[in-house]
Amino acid sequence: MTADVLSYSESPDLAGEVAAAGAEVARALGTEAAALELDELSPGLRSEGGAILVKGARTLESDADAAAAAVVEVAKARGFRALLVGETRFGTVVAAKAAARLRVGSLGKGKRLR
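Residues numbered from 1 in each chain as written. Predicted model: local features only at pLDDT ≥ 70, side-chain atom pairs only at ≥ 80, totals over all residues. Heavy atoms only, no water.

Caption draft 1: Highlighting the pattern of salt bridges. Across all of its chains, the model carries three salt bridges by this definition. Between Arg 58 and Asp 63 there is a salt bridge, and its shortest N-O distance comes to 3.7 Å. Residue Arg 58 is classed as exposed on the basis of its relative accessible area, which comes to 52%. Taking relative accessible area as the criterion, Asp 63 reaches 23% and is therefore assigned partly exposed. Several salt bridges share partner residues, and in doing so they unite Asp 65, Lys 97 and Arg 101 into one network. (Salt bridge = Lys/Arg side-chain N within 4 Å of Asp/Glu carboxyl O. Buried < 20%, exposed > 50% of the residue type's maximum accessible area, 1.4 Å probe, protein only.)

Here it is in structure tokens:
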């Protein structure tokens, strides 16, 4: 699966909302989206482009550095044009670390791109 838009949230309650936003961005770009899940799939997660599950030797979502490293690894391996991360305390740290490692800009606080 290749998806130009990746979405991620460690919160099962927020993962579906972020995946829906990723699908909306993908439609605007004329491409596909996929939800990125670490450790285990969120119950009830539905993503138009499917889900990419990443597991590590230890729990990835217990450490922001490990989670960011996993997000970056998938983003680099699969290619991406946009990465949406749920705005939780943990997600904000992961997004900042991933953006720095990918050397790309980052928008926060639900900024609109239109």
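Having seen the model, we can carry on.
Caption draft 2: Examining the side chain of Ser 7 more closely. When you line up the elements, Ser 7 lands in strand E1 (residues 5-8). Judged by its relative accessible area of 3%, Ser 7 is buried. (Helix = DSSP H or I, 4+ residues; strand = E, 2+ residues; numbered from the N terminus.)

Caption draft 3: Broad picture of the sheet that holds strand E3 (residues 51-54). Ordered by their spatial adjacency, four strands build an open sheet running E3-E2-E1-E4, and the pairing between neighbours is parallel. Only two strands of the sheet have a single neighbouring strand rather than two, namely E3 and strand E4 (82-85). Neighbouring strand axes in the sheet, compared pairwise and without regard to direction, differ in orientation by 25° on average. Across four bridges, E1 lies against strand E2 (residues 33-38) in parallel orientation. Pairing of Tyr 8 across the sheet is with Leu 36, part of E2. Sitting on the sheet, helix H1 (residues 12-29) touches E1, E2 and E4, and the angle it makes with E1 is about 165°. (Pairing = 2+ DSSP bridges. Axes fitted to C-alpha atoms, helices over the stretch in contact; angles between N-to-C directions. Contact = heavy atoms within 4.5 Å.)

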